[in-house]
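Summary of structural features
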Amino acid sequence: MSVALPVPEIHAGLDPMRPDWAVIQAIKPEAYGIQTFTMRFSDPKLAASFRFQPGQFNMLYLPAFGEVAISLSSDPGEPQVMGHTIRSAGNVTRAFNRLKVGDVAGVRGPYGSWWPVEKVESKNLVIVAGGIGLAPLRPVILAVMRERKAYGRVVLLYGARTPADLLYTDEFEKWQQGDIEVHTTVDLGDEHWRGQVGVVPQLFYRIRVDSKQTLVMTCGPEIMMRFVIYEALARRIPKEAIYISMERNMKCAVGFCGHCQYGPTFICKQGPVLNFASIEPFFGKEDF
Amino acid sequence: MTASLPRVSASVVVPKAALQKILENLCAAGFALIGPTVRDGAITLDEIAGVEDLPLGWTDEQQPGQYRLKPTRQPEYFGFGLGPHSWKKFLLPSRMKLLSVVRQNGNWTFQPVSEPAPRYAFVGVRSCDLQAIGIQDRVLIGGEFHDPHYAARREQIFVLAVNCGKANSTCFCTSMKTGPRVTAGFDLALTEMPEVFVVEVGSEAGSQALGDTPWEAATAFDLGRAAQVVQRVERSIQRQFRTDDLPKLLYNNLEHSQWEEVATRCLSCANCTQVCPTCFCVTVEESSNLTATAAERTRVWDSCFVLDFSHVHGGNIRPTLRSRYRQWLTHKLASWLDQFGTSGCVGCGRCITWCPVGIDLTEEVQAIREKAPK
Ligand SMILES: Cc1cc2nc3c(=O)[nH]c(=O)nc-3n(C[C@H](O)[C@H](O)[C@H](O)COP(=O)(O)OP(=O)(O)OC[C@H]3O[C@@H](n4cnc5c(N)ncnc54)[C@H](O)[C@@H]3O)c2cc1C
Ligand code: SF4
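Residues numbered from 1 in each chain as written. Chains lettered and ligands numbered in written order. Predicted model: local features only at pLDDT ≥ 70, side-chain atom pairs only at ≥ 80, totals over all residues. Heavy atoms only, no water.

**Comments concerning the overall build of chain A**
Stated precisely, the cut-off is as follows: The numbering of helices and of strands both runs from the N terminus, where a helix is a DSSP run of H or I of at least 4 residues and a strand a run of E of at least 2. Our radius of gyration is a C-alpha quantity, and the globule rule it is checked against amounts to 2.2 Å times the number of residues to the power 0.38. Each residue is placed in one exposure class: buried if its accessible area under a 1.4 Å probe, protein chains only, is under 20% of its type's maximum, exposed if it is over 50%, and partly exposed if it falls in between. Using the Shrake-Rupley algorithm and a 1.4 Å probe, accessible areas are obtained, with residue cover drawn only from the displayed protein chains.
On a plain count of helices and strands, chain A comes out with seven helices and 15 strands. Radius of gyration (C-alpha) of chain A: 19 Å, near the 19 Å computed for a compact globule of 288 residues. With the C-alpha coordinates aligned to their principal axes, the bounding extent of chain A is approximately 55 × 55 × 40 Å. Expressed as a percentage of the 288 residues in chain A, the buried residues total 58%. Carbon and sulfur atoms provide 51% of the accessible area of chain A, an area that totals close to 12400 Å².

Quick look at the structure:
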């Protein structure tokens, strides 16, 4: 299997690992330990030319702390302002959540594949999210709302550990007014919670799906997505109509570091949004 | 003495002593010479000054988990097998500063970090290792994004290749179709004979490097003798590795009991990934001064055998040795094909030699094959 040895073609000066600086314009607390940062590139030309698709992510860099992959959670129709909803998970994300308006961070992106919103066309869409997993799906909701008539029935099934962990609750009313059905659940209620208690996949029992006319997009803990897929398949939704967003350790987002491999897939290149049919042989394999 | 230079794709003969002149020419052309040299009981790749640093009079003996240097009476410059180093040490350095930022008046700014990339002349590149460079090309400069640091080094190398005159027990290039004869991608390719080198000229730069050497056009007799050297080596390679059922065999056996079995022997030391000429995984380290007004990002070789490699908040994806060995082997021999259109293995055998417990990937694959549920 000998490989050809062509003289490499050099893109001089272009360093895909080098971020550009962006200024934090607003910070909105969303839930316990989670805030949404609205950012804009300092370079006006860059800010004006930045575009992204729902489901794509940026690499955010804080000097002295490090770099993390964070989804764009804002409206792709207004790409000059980049929204990032960040949960304090460790060193870098905690440092992010200590920043103030006016602070600066490095940003490079957008990277990765996106939710096939265009494939929904007039079909129905079921969005299933758990916890912070709603962040990469919010751009789908916002994109759908822009052209609501182009789509069929659109349902959001969303759950978190407790009511205080639910994201974007202040927007749910607007989404519902925009003809998006919102069903929520929590693992553990509190004294004010009147909604459903239980795991996210159970929300499927609240809706009827037309198996031939429905796309499913899901993001959340892998174990949740496993049961979401199970419920979707049980309703005869074809594998090819199920899309999931995967997460793996990521150091570069451009395919050099090797960390995000998932079988043949680089989550940073062919992912994070993947068609379930394409990864079925690997999905759910222990410690894969 | 011939004043003119041989043309590209010509084969010539030079006396052994001319090697020094070739190296001098390369130095004069601005190349830093990198070649095999004896260090710490092994033949490593390092900067060399000239032929005096080459391992003349040394050869090696390799077995799974074993490497020994041996003196030899054969006056050969290249009469040994591969050592622990591969050329990735120079094209993809194990530690390299990527970015440097400083904070001034509340603003972060990048400082230039890249010194001009060194111009390397690689002396004594074997066929399998040359193929490995071709594979790393696909990974680092063959896709949508290009690693500029790799590219800048890679673009400038001079390849003085050598057709192997000896194979070790761990070599299996014939199975991987990567050797032992150098076929492309070189500037000069030598075949070492008792008193002369037969030299194939692969490029204009290669031809220049023969300047002021007493080269003569190779005769059919010379070429025949040179071909025999490689044929002899080819026939001496015992290790066979069946690849026709890959990658399917591994994909279909992700839950095979052999993974459990190899995990009882594997130490997770990551030696295999460090000596592998194609393994490219890296991590990025962040460091800063105490006042956090200056920071640096440094790229360092990483390994899928390291527990932290698969860290995500709240745990590691591959906590077991079984899953990490499986990741390494299925990447190398299966998913690499899907990702880059080539196997990630060139059959150099380094991972077999340098595994402290002598794990042999060809045997592991065979065990999976033999015990595969039909
Ligand atoms: C495609 C993608 C999109 C993501 N989108 C979001 C988002 O919108 N909001 C959000 O809060 N989080 C998101 N994450 C997870 C986020 O990247 C991790 O929480 C973050 O890297 C943790 O870094 P840390 O330094 O705070 O934690 P530590 O536990 O200290 O992690 C150390 C390092 O390990 C790596 N790492 C750890 N966890 C992850 C992880 N889950 N994924 C990738 N690398 C990891 C990072 O390089 C990190 O710097 C996303 C991850 C991926 C892969
Ligand atoms: S060199 Fe051997 S012991 Fe070390 S990680 Fe590789 S297979 Fe395991």
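**Focus: the site of ligand 2**
This is how the line gets drawn: If even one non-hydrogen atom of a residue comes within 4 Å of a molecule or strand, that residue is called near it. For this scheme, ten residues count as nonpolar: Ala, Val, Leu, Ile, Met, Phe, Trp, Tyr, Cys and Pro. Four count as charged, namely Asp, Glu, Lys and Arg, and the remainder, Gly too, count as polar.
Lining the immediate environment of ligand 2, one finds 13 residues, of which Cys-266, Leu-267, Cys-269, Cys-272 and Cys-355 of chain B sit closest. Looking at the shell around ligand 2, its residues break down into 11 nonpolar, two polar and no charged.

**Comments concerning the sheet that holds strand β12 (residues 242-245) of chain A**
Residue and element names in this part refer to chain A. For clarity, the threshold we go by: Pairs of strands are assigned from DSSP output, requiring at least two bridges between the strands. Note on contacts: a residue pair is in contact if any heavy atoms of the two residues lie within 4.5 Å. Working convention: axes come from line fits to C-alpha atoms, limited for helices to the stretch in contact. Angles between N-to-C directions cover 0 to 180 degrees.
Sheet architecture is open: seven strands sit in the order β10-β9-β8-β7-β11-β12-β15, paired in mixed fashion. Sheet topology places β10 (196-197) and β15 (273-275) at the edges, where each strand pairs with a single neighbour. In this fold helix α4 (residues 138-146) packs onto β7 (124-130), β8 (154-160), β9 (180-186) and β11 (214-219), with an angle of close to 150 degrees to the strand it touches most, β7.

**Things to note about the nonpolar core**
One recurring pattern in soluble globular proteins: nonpolar side chains tend to sit buried together. Operational definition: To qualify as a nonpolar core, a set must consist of buried Ala, Val, Leu, Ile, Met, Phe, Trp, Tyr and Cys residues joined through side-chain atoms within 4.5 Å.
Among the nonpolar cores identified, the biggest contains 116 residues, and Phe-283 of chain A together with Phe-122, Tyr-325, Trp-328, Leu-333 and Leu-361 of chain B are the most heavily contacted of them. Sort the elements by how many residues they give to this core and helix α3 (residues 127-141) of chain B lands first, with eight residues. Ignoring any residue separated from it by four or fewer positions in sequence, one finds Tyr-325 of chain B in contact with Trp-259, Val-262, Cys-266, Phe-305, Ile-359, Leu-361 and Glu-364 of chain B. Counting residues in hydrophobic clusters, the runner-up holds 34 residues, among them Ile-127, Leu-167, Met-217 and Cys-219 of chain A.

**Quick notes on the domain arrangement of chain A**
All names here are of chain A. This is how it is decided: Each domain span listed reflects an automatic or database assignment of domains. Whenever Lys or Arg places a side-chain nitrogen within 4 Å of a carboxyl oxygen from Asp or Glu, that contact is recorded as a salt bridge. Polar contacts, as used here, are pairs of N or O atoms within 3.5 Å; protein pairs need one atom able to donate a hydrogen and one able to accept it. Residues neighboring in sequence count only if both atoms are side-chain atoms.
The domain boundaries assigned to chain A delineate domain 1 (11-111) and domain 2 (117-245). Here the C-alpha centroids of domain 1 and domain 2 sit 25 Å apart. Joining domain 1 to domain 2, the criterion identifies two salt bridges. The partner of Asp-170 in a salt bridge is Lys-28, with the nearest N and O atoms 3.4 Å apart. Counting across the interface, domain 1 meets domain 2 through five residue pairs in polar contact (both at pLDDT 80 or more). Of all elements in the fold, only β1 (20-31), β2 (34-41) and β5 (82-87) reach the threshold of two or more residues within the side of domain 1 that touches domain 2. The element that contributes the greatest number of residues to the side of domain 1 that touches domain 2 is β1, accounting for three residues.

**Considering the packing of aromatic side chains**
Rules: Put simply, two rings from Phe, Tyr or Trp (the six-membered ring, in Trp's case) pair if the centres are within 6.5 Å, and we call them stacked under 30 degrees between planes, edge-to-face over 60, tilted for the rest. We count a charge as sitting over a ring when the NZ of a lysine or the CZ of an arginine lies within 6 Å of the ring centre and within 35 degrees of the ring normal.
Using the criterion set out here, one finds 31 aromatic pairs over all chains in the structure. Taking the centre distance of 5.9 Å and the plane angle of 90 degrees together, the rings of Phe-276 of chain A and Phe-283 of chain A count as edge-to-face. The class for Phe-276 of chain A is buried, based on a relative accessible area of 5%. Grouping aromatic residues by their ring pairs yields a cluster made of Tyr-158, Tyr-168, Phe-172 and Trp-175 of chain A. In this structure, Arg-235 of chain A is placed above the aromatic ring of Tyr-205 of chain A, and the distance from its NZ or CZ to the ring centre is 4.9 Å. Taking NZ or CZ as reference, Arg-119 of chain B lies 4.2 Å from the ring centre of Phe-31 of chain B, over its face.

**Concerning the domain arrangement of chain B**
Residue and element names in this part refer to chain B. Convention followed: For any pair of parts, buried area is found by adding up, for both, the accessible area (1.4 Å probe) each one loses once the two are put together.
According to the domain assignment, chain B contains domain 1 (11-236) and domain 2 (246-371). Taking only C-alpha atoms, the centre of domain 1 and the centre of domain 2 are 25 Å apart. Opposite the 43 residues of domain 1 that make contact, domain 2 presents 38 residues. With both sides pooled, the region where domain 1 packs onto domain 2 buries about 3500 Å², and carbon together with sulfur makes up 60% of that total. For domain 1, the biggest contributors to the area lost against domain 2 are Lys-88, Ile-135 and Phe-172; these three give 17% of the whole. Taken together, the connections running from domain 1 to domain 2 amount to four salt bridges. Note that Lys-97 and Glu-296 form a salt bridge whose closest N and O atoms lie 3.5 Å from each other. Counting across the interface, domain 1 meets domain 2 through 28 residue pairs in polar contact (both at pLDDT 80 or more). Taken together, the elements giving at least two residues each to the side of domain 1 that touches domain 2 come down to β4 (58-63), β5 (66-71), α2 (88-91), β6 (95-104), α3 and α5 (173-176). The element contributing the most residues to the side of domain 1 that touches domain 2 is β6, with nine residues. Residue composition of the side of domain 1 that touches domain 2, grouped by class: 21 nonpolar, 14 polar and eight charged.

**Overview of the site of ligand 1**
Taken together, 25 residues lie near ligand 1, and Ala-69, Thr-85, Arg-87, Thr-93 and Glu-247 of chain A sit nearest. Mapping the residues adjacent to ligand 1 onto the chains of the assembly identifies chains A and B. Here Arg-248 of chain A contributes a backbone N or O atom positioned 3.4 Å from a nitrogen atom of ligand 1. One of the side-chain N or O atoms of Lys-251 of chain A is found 3.0 Å from an oxygen atom in ligand 1. Considering every element that reaches the shell around ligand 1, the biggest residue donor is strand β4 (residues 66-71) of chain A, with five residues. Of the residues in the shell around ligand 1, the class split is 12 nonpolar, eight polar and five charged.

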